[in-house]
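# Analysis of the macromolecular model
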Amino acid sequence: VQLQASGGGLVQAGDSLRLSCTASGYFSSSYTVGWFRQAPGKEREFVATFRWSGRRTYYADSVKGRFTISGDNAKNTVFLQMNSLKVEDTAVYFCATSTRAISSTLHEPWTYSNWGQGTQVTVSS
């Protein structure tokens, strides 16, 4: 399945954005879909994941309470709603899928084998 990430843009601190990760086929119930981000000069970091099985969600501490990840089967899309954006949220955001993620590894980029191309999010002060 190919992933298409979209929805990024330039916003001010405190604004909201909704990112979309759309699959060319469909998301199997065995998939875990993750959002990661990478700022210039920094390593790729975990943001949030969504497990279709049980529709469970997990968040990085840095975004908990501000970001919400959700899935829409009919649209083959996983969304990342980002509220109260901060300057430090500026990064390229990637979505990825994994069929082998377990609770202790779902925050690790190496767990995910299929990645989308990324969408830029820039938050100005």
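This text goes with the structure placed above it.
What comes next concerns the included structure. Treat the numbers as computed from the prediction; the structure is a model and nothing was measured. (Residues numbered from 1 in each chain as written. Predicted model: local features only at pLDDT ≥ 70, side-chain atom pairs only at ≥ 80, totals over all residues. Heavy atoms only, no water.)

### A look at the side chain of Asp-89
Note that Asp-89 resides in the loop between strand 8 (77-82) and strand 9 (91-98). Classification of Asp-89 as buried rests on a relative accessible area of 0%. The residues touching Asp-89, leaving out its near neighbours within four places in the chain, are Arg-37, Arg-66, Phe-67, Ser-84, Val-121 and Val-123. (Helix = DSSP H or I, 4+ residues; strand = E, 2+ residues; numbered from the N terminus. Buried < 20%, exposed > 50% of the residue type's maximum accessible area, 1.4 Å probe, protein only. Contact = heavy atoms within 4.5 Å.)

### Examining the state of the cysteines
Counted according to the given criterion, the structure contains 1 disulfide. Each disulfide pairs two cysteine sulfurs, and for Cys-21 the partner residue is Cys-95, the sulfurs being separated by 2.2 Å. With the S-S dihedral at roughly 75 degrees, the linkage between Cys-21 and Cys-95 falls on the right-handed side. Here Cys-21 is found in strand 3 (residues 17-23), whereas its partner Cys-95 is found in strand 9, with 74 residues between them in sequence. A single burial state applies to Cys-21 and to Cys-95, both of which are buried. (Disulfide = S-S within 2.5 Å.)

### Observations regarding the pairing of strand 5 (residues 45-51)
Most of strand 5 sits inside the fold, with 6 of its 7 residues counted as buried. Here strand 4 (residues 32-38) pairs with strand 5 via 6 bridges, running antiparallel. Bridged to Arg-37 within strand 5 is Glu-45. As consecutive antiparallel partners, strand 4 and strand 5 are separated by 6 residues, and within that stretch Gly-41 has a phi angle of approximately 80 degrees, a positive value. (Pairing = 2+ DSSP bridges.)

### Points about the nonpolar core
Phe-27, Trp-35, Val-78, Leu-80, Met-82 and Tyr-93 are the most contacted members of the largest nonpolar core, which totals 35 residues. Listed by contribution, the elements that provide at least two residues to this core are strand 1 (3-6), strand 3, strand 4, strand 5, strand 7 (67-72), strand 8, strand 9 and strand 11 (119-124). Residues within four places of Leu-80 in sequence aside, it is in contact with Leu-17, Arg-18, Leu-19, Trp-35, Val-47, Ala-48, Phe-67, Thr-68, Ile-69 and Tyr-93. (Core = buried A, V, L, I, M, F, W, Y, C linked by side-chain atoms within 4.5 Å.)

### Some remarks on the packing of aromatic side chains
This model, assessed by the stated rule, comprises 8 aromatic pairs. Ring centres of Phe-27 and Trp-52 lie 5.5 Å apart, and the angle between their planes is 25 degrees; this geometry places the pair in the stacked category. With Phe-27 in the loop between strand 3 and strand 4 and Trp-52 in the loop between strand 5 and strand 6 (56-59), this pair connects stretches of sequence that are 25 residues apart. For the residue pair Phe-27 and Trp-52, the accessibility class agrees, reading buried in each case. Between the aromatic rings of Phe-94 and Trp-115, the centroid separation amounts to 6.4 Å while the plane-to-plane angle is 75 degrees, which identifies the pairing as edge-to-face. On the criterion of sequence distance, the pair formed by Phe-94 in strand 9 and Trp-115 in strand 10 (residues 114-115) is long-range, its members being 21 residues apart. Residue class for Trp-115 comes out partly exposed when judged on its relative accessible area of 25%. Connected via pairs of aromatic rings, a cluster forms that spans Phe-36, Phe-46, Phe-94, Tyr-112 and Trp-115. Here the guanidinium or amino end of Arg-18 rests over the ring plane of Phe-79, the centre of that ring lying 4.0 Å away. Taking the ring centre of Trp-115 as reference, the NZ or CZ of Arg-44 above it sits at 4.7 Å. (Phe/Tyr/Trp six-rings, centres within 6.5 Å; stacked < 30°, edge-to-face > 60°. Lys NZ or Arg CZ within 6 Å of the ring centre and 35° of its normal.)

### A word on the pattern of salt bridges
This structure, assessed with the given rule, holds 4 salt bridges. Between Arg-37 and Asp-89 there is a salt bridge; the shortest N-O distance is 2.9 Å. Linking Arg-37 in strand 4 with Asp-89 in the loop between strand 8 and strand 9, this pair joins segments that are 52 residues apart in sequence. Judged by its relative accessible area of 5%, Arg-37 is buried. (Salt bridge = Lys/Arg side-chain N within 4 Å of Asp/Glu carboxyl O.)

Keep in mind these numbers describe shape, not what the thing actually does.
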